[in-house]
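# Overview (structure and organization)
Residue-level listing of the chains:
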Amino acid sequence: MFHRTPRAIRFHRERRVIVRRSVAIVGGGVAGLAAAVRAAEAGWSPILIETRTMLGGRATSFTDVRSGEELDNSQHIVMGCCTNILDLYERLGVLDAIEWHQTLHFARGGGASDALTIGSLPAPLHYARSFAGMKLFTLSEKAAISRAFLAILRMGPKGRLRWQGRAFTEFLAQWRQPARVVELFWEPIVLSSCNMPSARCEATHALKVFDEGMLAHSFAGTVGVATIPLVHLYDNAREIITNAGGELRLRTSAKALAFDGTRVTGVITDDGRIDAHAVISAVPPNRLAKLCSSTMRDHDRRLLKLEQFTFSPILGVHLAFKRRVMETATLALAGRATHWLFAHNAPPNANYAQRIEAVVSAADEWIGLSEEEICTRVCADIAWAIPTVSRADILWSRPVLERQATFASTPGIDAIRPRAAIEAGDPSGGIPNLFLAGEWTDTDWPSTMEGAARSGYAAAAALTSSGGVIADLPPARLVRFMRV
Ligand SMILES: Cc1cc2nc3c(=O)[nH]c(=O)nc-3n(C[C@H](O)[C@H](O)[C@H](O)COP(=O)(O)OP(=O)(O)OC[C@H]3O[C@@H](n4cnc5c(N)ncnc54)[C@H](O)[C@@H]3O)c2cc1C
């Protein structure tokens, strides 16, 4: 789909590798792909094992049988602060397929909305002008938000650690945020970034989103949306892997990791045994639990807490409209059960004018609802924001509920997230050639594609002793000055 030669492919054309060692990577989601690309660059041959027919894991697309269209399982956005997933897109040659938006629109109901736009002032003042102009909040409510923002900026990453293991609502209470501000400002952003309501969300995850995702750098809060179906972002992965002497094994399920009592020796799959010098697991924790024997757990304490992870659902609803109904690319429905709307232009020859994707985060209460009920509720929320819309404008709808969309970012979660590699001096010894990736591992990020890419890079770096995680955007000078 893209004609630019990806950086990782160029790299292999230019470099001759004589001896390659093989690494079996289980899971072809973002984490497994990130690990495969970096391992290939470092001279290893990755054998990427993916149970499904396509790459991308939770961040992928499917062909909808009713409309015949290639739809994403849900809208996925990246932000300017997501340095690792953006780096991966660049290595895959698809960075141009991300369209950037500098404005977040907040619906006020009845067709009115506020725009929160990144302005020309340096961070952390880049939102100041448009924030001051928002009609959604009164002057005293804006003062309350600004006080909390100042506290977040001043504490920075070090100060955040004091909030570890606590719910984000405790922070909001300490900074006396009015209930209306919590509902209409903090909650929509926490829900969409951490997929948890503030009352159940690990405070450090939410604080990180506001600090590093909005305030610390003026590009951080820019919202990136793929202009092509997510699955095509990975089209170049096969060539990168095969150029490195590796293999892409789709429709292949890992059944167990082969272990000789000291090291992993490969992967047992439903299609036979795959021998490898090392293994990177890039599957969710509950899947990894099924691949490890009790002997492996005795040898490596990173595998002991896999069953303690819980998950949080996301509902995405694709709605095709006869006519163009939404003028902005994104719209937050503050205070409504449907949290965000994303507008997509119709592809050529489509029988509709515009497709809107509605997203409901932490969608526990929607589980068990019929398609009809889901559509009715979402349409009511859209009509609240855009009163000209009626149910009759909708040609077709397609809800997609992912029950295990993200690991649950509950207070204290970071204590059970394992590292990519065994730690020096680990009393349990550990399995030295087993590396763990997946957004649920110890990335310091909530469950996001950025977390997944970071985990893959960290695992590849531990395997190859080269490369590593891409640095964060540097905080702006004024932000550095403000940190206590
Ligand atoms: C509906 C929804 C909306 C989201 N929105 C956003 C968003 O806007 N922005 C954002 O950054 N993140 C978002 N996320 C989160 C993001 O998708 C995930 O955090 C990320 O994709 C996780 O990647 P991963 O590689 O760690 O895991 P996964 O994507 O789960 O990949 C694991 C892979 O392993 C495969 N697998 C499992 N078991 C086996 C086995 N035994 N053998 C072989 N293969 C196996 C699976 O099929 C899968 O492909 C969203 C997630 C969902 C579901």
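Residues numbered from 1 in each chain as written. Predicted model: local features only at pLDDT ≥ 70, side-chain atom pairs only at ≥ 80, totals over all residues.

Here we have three strands laid out as an open sheet, ordered β5-β9-β6, and antiparallel in their pairing. Both outer strands of the open sheet, β5 (77–79) and β6 (98–101), are each paired with one neighbouring strand and no more. Taken over all neighbouring pairs, the strand axes of this sheet differ in orientation by 35° on average, direction set aside. Examined bridge by bridge, β5 and strand β9 (residues 223–226) share three bridges and lie antiparallel to one another. What sits directly across from Met 79, in β9, is Val 223. (Pairing = 2+ DSSP bridges. Helix = DSSP H or I, 4+ residues; strand = E, 2+ residues; numbered from the N terminus. Axes fitted to C-alpha atoms, helices over the stretch in contact; angles between N-to-C directions.)

Here the focus is the site of the ligand. Taken together, 37 residues sit near the ligand, with Gly 27, Gly 29, Gly 57, Ser 74 and Thr 448 positioned nearest. Sorting the residues of the shell around the ligand by element identifies α2 (30–41), β15 (311–321), β19 (394–407) and α13 (449–464) as the ones contributing at least two each. Domain assignment of the residues forming the shell around the ligand places at least three in each of domain 1 (7–61 + 231–309 + 418–464) and domain 3 (311–407). (Near = placed C-beta within 6 Å. Domains from an automatic or database assignment.)

The residue Ala 148 is located in helix α5 (residues 139–160) in this model. Along the backbone, Ala 148 and Gln 177 are 29 residues apart, and their C-alpha atoms lie at a distance of 7.9 Å. The residues touching Ala 148, leaving out its near neighbours within four places in the chain, are Trp 175 and Gln 177. (Contact = placed C-beta atoms within 7 Å.)

Take unusual backbone geometry next. With an omega of 10°, the peptide bond running from Ala 123 to Pro 124 counts as cis. As for its placement among the helices and strands, Pro 124 is situated in the loop between β8 (112–117) and α4 (128–132). Residue Ala 362 is not a glycine yet carries a positive backbone phi of 40°. Locating Ala 362 in the fold gives a position in the loop between β18 (354–360) and α12 (371–385). For Ser 465, which is not glycine, the phi torsion reads 55° and is therefore positive. Mapped onto the elements, Ser 465 comes out in the loop between α13 and α14 (477–482). A residue is classified by how many C-beta atoms lie within 10 Å of it, and Ser 465, with 8 of them, is exposed. (Buried ≥ 20, exposed ≤ 12 C-beta atoms within 10 Å, placed from the backbone.)

Okay, the packing of α2 against α13 next. α13 packs onto α2 with a crossing angle of 35° between their chain directions and a minimal axis gap of 7 Å. Handedness of the crossing formed by α2 with α13: right-handed. When α2 is examined against α13, the residues Val 30, Ala 31, Gly 32, Leu 33, Ala 34, Ala 35, Arg 38 and Ala 39 are found in contact with a partner set consisting of Met 449, Ala 452, Ala 453, Ser 455, Gly 456, Tyr 457, Ala 459, Ala 460, Leu 463 and Thr 464. Within the contact of α2 with α13, the residues separate by chemical class into 13 nonpolar, four polar and one charged. (Left-handed = near helix turned anticlockwise from the far one by under 90°. Nonpolar A, V, L, I, M, F, W, Y, C, P; charged D, E, K, R; others polar.)

Further remarks concern the pairing of β9. Here β9 shows a buried face lined by Gly 224 and Ala 226 and an unburied face lined by Val 223 and Val 225. Bridging between β6 and β9 involves four bridges; their strand directions are antiparallel. Across the sheet, the residue bridging to Ile 98 is Ala 226, located in β9.

Here we come to the nonpolar core. Formed by 139 residues in total, the largest nonpolar core has its most connected members in Ile 25, Ala 35, Val 279, Phe 435 and Ala 459. A total of ten residues in this core trace back to one element, the largest contributor, which is α13. With residues near it in sequence (within four places) discarded, Ala 459 still touches Ala 35, Ile 280, Ala 420, Phe 435, Leu 436 and Ala 437. (Core = buried A, V, L, I, M, F, W, Y, C linked by C-beta atoms within 7 Å.)

Function-wise, these values are silent; they only describe arrangement.
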